[in-house]
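Residue strings, one per chain:
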Amino acid sequence: MSALTLATLKMGQTARISSVDGPAHVKRRLMEIGLIPGVEVTAIRQALLGDPIEVQVMHYHLTLRKSQAAFVHVEETSDEPAAATEAQAIASHALDAQIERVALVGNPNCGKTSLFNRLTGLRQKVGNYPGVTIERRSGFFKHGEKDIEILDLPGTYSLNPSSPDERITTQILNAKNKQTAKPDALILVVDACNLARNLYLYTQCIDLGLPIVVALTMFDIAEKEGIQADIKELECLLGVPVVAVNNHSGEGVEALKEKLFSVRIPKDRSWEYPESIQEPCKRLGEIIRENKIDCHGLKADVLAERLLCGAKPISEYANQPLISQLEQEQQELKQQELDINEEIIRARYAWITAVCNHVLPESMRQSARQNLDKFSLKLDSLLVHKFFGLIAFNIIMASVFIAVFIIADPIMGMFEDGIAGFGDALFGGMSDGPLKDLLLNGVIAGVGGVVVFVPQIAILSLFLALLEDSGYLARASFLMDRLLSSVGLHGKSFIPLLTSHACAIPGIMAARSIEDRRDRLATILVAPFMACGARLPVYALLIAVIFHDVGPVMQGLILLSLYVLGVVAAAFTAFLAKKTALKGPSPAFIMEFPSYRMPQWMQVARIVGRNSWLFCKKAGTIILAFSICLWAMLYYPRLDQSEIDRIASDNGMSTEQVETLLPLSEDIAGIEESEASEDDKEQQIKTFLTEQKTTLAAIEKATAIDQEWAGAQSRQSIAGTAGHMLEPIIAPMGYDWKIGVGLIGAFAAREVFVATMGTVYSVGEAEAEDESLHEAMKNDKRSDGKPLWDIPVAISVLVFFAIAMQCISTLAVVKQETGTWRWPVFQLLYMNGLAYILATLVYQIGSRIS
Amino acid sequence: MTGEEIIVTVIVLAAASSLVWRFVGFCRSNKQSDDKACGNNDCDC
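Reading guide: rules and limits
Residues numbered from 1 in each chain as written. Chains lettered and ligands numbered in written order. Predicted model: local features only at pLDDT ≥ 70, side-chain atom pairs only at ≥ 80, totals over all residues. Heavy atoms only, no water. Buried < 20%, exposed > 50% of the residue type's maximum accessible area, 1.4 Å probe, protein only. Helix = DSSP H or I, 4+ residues; strand = E, 2+ residues; numbered from the N terminus. Right-handed = clockwise from strand over helix to strand, strands pointing away. Pairing = 2+ DSSP bridges. Core = buried A, V, L, I, M, F, W, Y, C linked by side-chain atoms within 4.5 Å. Contact = heavy atoms within 4.5 Å. Polar contact = N/O pair within 3.5 Å; in protein donor to acceptor, adjacent residues only side chain to side chain.

Asks: Just checking my understanding: could you explain the pairing of strand 11 (residues 212-217) of chain A for this structure?
Replies: Look at any regular strand and the pattern is simple: side chains alternate between the two faces of the sheet. All names here are of chain A. Where burial is concerned, most of strand 11 is hidden: six out of the six residues are buried. Handedness of the crossover joining strand 10 (residues 185-191) and strand 11 through helix 5 (residues 195-205): right-handed. Summarising the sheet, strand 11 and strand 12 (residues 242-244) pair through three bridges and their orientation is parallel. Looking across to strand 12, one finds that Val 214 is bridged to Val 242.

Here it is, written out as structure tokens:
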């Protein structure tokens, strides 16, 4: 065995793979994705601290940890090309079948969902990284009078699944009957840029005995790179129809639909295994046939092969002769020191190599190697560089958050003015009473307070969509793997964690692409720490209230620091989990690098539109309902007239006097806000007071009495009473009852906190209609006269929101993905406990320092 | 009770019922869910 391995290759060095070893599942995965003996491989670069590494194999780029690369033994290349077996043309027969359900299968990131959208007219999310689709989706297209169901399945490199998303695909393809979603035919989506590796899946799909049509995607990109496969020749060799489709223009899609109705079942495999494997398979196959064992649609020889290499559990076939024969065959193979999986993969790839040699002339393969996506290579030399890559990553992330403030700020101002103007225009003319109060202080203040954050949500979604669609995310996973592995996570955790910045639910579901169970659980456990879109309005509101005079760049950096806080909490938690409950060996990290591409603007616009719409929908449903209920809880029961009179008389005025003087304070505020000089304003106020026959002191006293009325009303309201009951628990964090009510509301949806503040400060404050929520919060005081929203309290609230688990939907998805309530209950207790402790520490230390 | 108070009561009761209805619906759908949370990558759960 060669001492030189892929891990020890110098960067830029090319070598030929001589053998592959390692644990069975890692070895199989390495070989299935193309790292097979005889193939040339080039080391491209390594991440910071030397791990993981990026390599080029066949016609694509792959990243893997050095611990896995060490299993791939290589030898220096000679000029002689690797031997390839000659392919044979495959005979096939046309199928006279009733096609009702068709499954789209293929490698990750080969364009399945784009084709699904083209075929069905649906708009499922697509992205430029492996693992976008993590569940089965279905849609229909019409063929004559008939509705044909199309299933979009998660991408997989082989039918030996190594992660839950791949398992979904294999379960459906191996389903026993139509009731369990078994398709009638397959559209095998093959990336024309990477024919060899994609065809490996074909060699497995033909074992299923289903009719197949091959859709050759990325044909235009392949042509640019000098790869022009001979489609007729490919069709002849595979024995099934092959159609080139362009997912962007839709070219070839109609032809593909037509071909679906002349699909063929490839007659048989065209490659041969060594005698040492063929014979045991034959013997097992005979037993299967003799005993009439149900093969669930597979041929007896195929089932025999699967049993022999352990891909199917023998427990499914309770047949004693079969079990005994299998044990005997496996024992013999062990004695011969023969790795059946390796032999099978090598035989399949040998056939694939021969097919590729037929459909791609040598000169074309040579030029393709030279033209290999130069743009991606150039860009990678900066963005994936071990030092500059990390700097670029930090600059990109910081720019996103600064842009959220710089671009959104003026738009938000327009939204605020528009909503206030809308409320006044609609309800301002109504006579005072509970209905006007409900509409202005419940609906407009509550829902409007949340809707103003739509620009920030849209801008954050825009940048995340651009990163997703450009192909950068897989690179970021490569950059982050070393850092993530130091806290027990995984490079593949990066995409679920980044996705969680929009919403934790798709992030948690995206963890299905992580092969190792412990890593998947650790990722699911920490994903809710990522600052989701629902936290953004809370962060933005408090940053604007407390850090209003530091400028948008600084505000952006403060926002970024909150996102970093979530990441740090996640890292800490993952580290703890991987040292205790999820302790285990370091798993493999193998990930394909997609090519960079210009984002598809329609797709980006769709994501931004959908996220903004979902946010508005939430504001118009849950938040609207909650704001109305909260308004009622703050408005009722009303203060007795005797209590109102008592408060006024205690301050030396009658209720009538206060009510007469109150409107004058608004007139004076109007004069103070005018653009006249200070002297002119003073003169105008003096004249005004003389005309009204009153003094400034009297108006100020009336305003103070009004605030006392509002305070008394709030205190004795249902929400006030509940909030006050909470005070002993939340007082260590520095919160008063209003924040307490906001925290309870945030368990319905985090944005409700903003709506609650909007309603609390509108119902509770005398001059609310004239001041923004920011101003009202800034001016709010405790009973001792100190400002409520000082820096320690604001930071304490921010920390609480950054850490706490307040989303019931997320808990439900965690239960669904982990299959137990144990993890969501743990998350709820752990995250909220940690949030309470940290928020208390922040307030206690902060208030002592300040 | 004045007409205005009746309108306010109806609105508040409708809002409260909608929240309860959503919560009950959420619990039910969660009980029945199979291999997917909400069928979409972007969800509004």
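On we go from here.
Asks: Please clarify how the side chain of Lys 257 of chain A should be interpreted in this entry.
Replies: Position of Lys 257 of chain A among the secondary structure elements: in helix 8 (residues 253-259). Lys 257 of chain A gets classed as buried once you look at its relative accessible area, which sits at 12%.

Asks: Sorry, what's going on with the nonpolar core here?
Replies: Across soluble globular proteins, nonpolar side chains show a tendency to be buried alongside one another. All names here are of chain A. Membership of the largest hydrophobic core comes to 144 residues, with the highest contact counts inside it found for Phe 529, Tyr 539, Tyr 735 and Trp 789. If one sorts the elements of this core by residue count, helix 15 (residues 388-427) sits on top with 13 residues. Once residues lying within four places of it in the same chain are set aside, the contact partners of Tyr 735 are Ile 730, Leu 743, Val 793, Ser 796, Val 797, Phe 800 and Ala 839. With 92 residues, the next largest nonpolar core counts Leu 237, Ile 277, Ile 345 and Val 355 among its residues.

Asks: Mind showing me how you'd approach the environment of His 61 of chain A here?
Replies: Residues and elements named next belong to chain A. Tracing the backbone shows His 61 in strand 4 (residues 60-64). By relative accessible area, which is 8% here, His 61 ends up buried. Along the chain, His 61 and Leu 377 lie 316 residues apart, while their C-alpha atoms are 9.8 Å from each other. Within polar-contact distance, the side chain of His 61 engages the side chain of Glu 54 at 2.6 Å.

Asks: Sorry, what's going on with unusual backbone geometry here?
Replies: Keep in mind that most residues, glycine aside, have a negative phi and that most peptide bonds are trans. Residue and element names in this part refer to chain A. Of the consecutive residues Tyr 636 and Pro 637, the connecting peptide bond is found in the cis state with omega at -10°. With a phi close to 60°, Asn 109 is a non-glycine residue in the positive phi region. Positive phi outside glycine occurs at Lys 693, with the angle close to 55°. Of note, Lys 693 is situated in the loop between helix 27 (678-692) and helix 28 (696-716). Judged by its relative accessible area of 79%, Lys 693 falls in the exposed class.

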